[in-house]
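Below are the chains, spelled out letter by letter.
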Amino acid sequence: MTDAERQADSIRDRRVQYETAGLDRSDLMADPITQWQHWYAQAEEAGCVEPNAMVVSTVDADGMPDSRYLLARGVSERGLVFYTNHESVKGIQLARSPRLSALFTWLQLHRQMRIRGTASLISDEESDAYFATRPRSSQIGAWASPQSQVLADRDELDERVAGFEARFAGIDSIPRPPNWGGWRIEPTEAEVWQGRPSRLHDRFRYREVDDGWVIERLAP
Ligand SMILES: Cc1cc2nc3c(=O)[nH]c(=O)nc-3n(C[C@H](O)[C@H](O)[C@H](O)COP(=O)(O)O)c2cc1C
């Protein structure tokens with residue numbers, strides 16, 4: 001048997017039983033953001049790696065989905081905020097079609113949370129305030145990286161970094177690049193999933209209605 005065949009068998013036969021207490025309707029918070037805050041706190045407490053990491057999916061001009069990890073950097077009753085380059089592939093896709101999904105997985109807790117909604121740019125003041133909290137090297141990185149564009153080689157990036165280090169030498173507070181800032185994800189739908197034994201998992205969906213949220217149990 002080749003290594004590739006052994007790996008194919010191992011993927012097919014890998015089975016983890018999700019021995020968790022499960023999820024009841026009465027365990028759920030009234031809205032998706034409060035529920036996210038509750039689960040995020042538990043993920044942090046459980047020592048989940050990068051508990052604020054989410055897979056954000058957008059669509060291109062042809063409706064082709066595109067996914068990548070991003071870090072949630074802010075949360076309020078209005079939604080979850082992430083930061084990125086507005087001229088990146090995702091930035092261009094969002095400017096064209098601000099509908100997106102965000103997926104959190106906290107595998108140690110056998111949990112996932114799906115969020116669907118719309119993205120809107122946060123204010124310049126909010127983006128400035130967050131940018132000011134970033135380490136200086138990350139601030140330089142935001143200026144130096146033409147995110148998602150083709151580079152000739154690593155030297156090109158290193159030279160750009162050196163160029164911006166020189167430009168900002170002696171300047172204490174580096175300003176935010178005009179092409180970098182935050183987007184807020186405002187959920188219109190969400191789903192919480194808790195793994196249970198024998199694949200009979202617990203799922204609940206939040207659906208936005210005029211005066212709040214309807215929560216329904218879904219078949220696993
Ligand atoms: C765990 C993790 C967290 C990330 N967080 C961010 C982030 O907060 N903002 C960002 O622009 N890219 C982040 N990235 C990089 C993105 O996944 C992606 O490579 C980059 O944003 C370019 O995506 P695009 O070409 O689709 O625009 C992260 C990657 C990983 C693996």
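Here the structure is a predicted model, which means the values were calculated and not measured.

Engineer: Talk me through the overall build of the protein chain; I want residue IDs and the actual numbers.
Structural biologist: Looking only at helices and strands, the protein chain features six helices and nine strands. The C-alpha extent of the protein chain, read off along each of the three principal axes, is 60 × 60 × 40 Å. The buried share among the 220 residues of the protein chain stands at 24%. Intrachain contacts of the protein chain at a sequence separation of at least 6 include 59% that bridge at least 24 residues.

Engineer: Please give an account of helix 2 (residues 32-45) that cites residues and values.
Structural biologist: With 14 residues, helix 2 extends 20 Å from end C-alpha to end C-alpha; this agrees with the ideal 20 Å at 1.5 Å per step. Along helix 2, the residues that are buried comprise Pro32, Ile33, Gln35, Trp36, Trp39 and Ala43. What you see down the axis of helix 2 is that its buried residues fit within an arc of 150°, all on one side. Exposed and facing more than 90 degrees away from the buried side of helix 2 are Ala41, Glu44 and Glu45. Contacts made by the buried residues of helix 2 are with strand 3 (74-76), strand 4 (79-85), strand 5 (99-106), strand 6 (111-121), strand 7 (180-194) and strand 8 (202-209). Of the residues flanking the end of helix 2, it is Gly47, one or two places downstream, whose phi is positive at about 75°.

Engineer: Outline the site of the ligand, listing residues and values.
Structural biologist: Taken together, the neighbourhood of the ligand is formed by 16 residues, with Arg68, Thr84, Ser88, Val89 and Lys90 sitting nearest. The element contributing the most residues to the shell around the ligand is strand 2 (residues 65-71), with five residues. When grouped by side-chain class, the residues that make up the shell around the ligand number seven nonpolar, five polar and four charged.

Engineer: Tell me about unusual backbone geometry, residues and numbers included.
Structural biologist: One non-glycine residue, Glu50, lies in the positive phi region at around 45°. Structurally, Glu50 is set in the loop between helix 2 and strand 1 (53-59). We classify Glu50 as exposed; it has 10 C-beta atoms within 10 Å.

Engineer: Break down the environment of Thr105 for me, with residues and values.
Structural biologist: Relative to the assigned elements, Thr105 resides in strand 5. Here the alpha-carbon distance between Thr105 and Met54, two residues 51 residues apart in the chain, equals 7.4 Å.

Engineer: An account of the nonpolar core is needed here, citing residue identities and associated values.
Structural biologist: If you look at the biggest cluster of nonpolar residues, it comprises 26 residues, and the most contacted ones within it are Val81, Phe82, Leu100, Ala102, Met113, Trp183 and Ile185. Counting only elements with at least two residues in this core, the list comes to helix 2, strand 1, strand 4, strand 5, strand 6 and strand 7. Other than its neighbours up to four places away in sequence, Trp183 contacts Val81, Phe82, Leu94, Ala119, Ser120, Leu121 and Ile122.

Engineer: Which residues make up the pairing of strand 6, and what are the values?
Structural biologist: Here strand 5 runs beside strand 6; their pairing, made up of eight bridges, is antiparallel. Residue Ala102 lies in a different strand from strand 6, and its bridge partner there is Ile115. What sits between strand 5 and strand 6 in their antiparallel hairpin is a turn of four residues, with His110 showing a positive phi close to 55°. Bridge count between strand 6 and strand 7: eleven bridges; the pairing is antiparallel. The partner of Gln112 across the bridge, within strand 7, is Trp193.

Here is what the cut-offs are and how they apply
Residues numbered from 1 in each chain as written. Predicted model: local features only at pLDDT ≥ 70, side-chain atom pairs only at ≥ 80, totals over all residues. Helix = DSSP H or I, 4+ residues; strand = E, 2+ residues; numbered from the N terminus. Buried ≥ 20, exposed ≤ 12 C-beta atoms within 10 Å, placed from the backbone. Contact = placed C-beta atoms within 7 Å. Expected span 1.5 Å × (residues − 1). Arc of directions from axis to C-beta. Near = placed C-beta within 6 Å. Nonpolar A, V, L, I, M, F, W, Y, C, P; charged D, E, K, R; others polar. Core = buried A, V, L, I, M, F, W, Y, C linked by C-beta atoms within 7 Å. Pairing = 2+ DSSP bridges.

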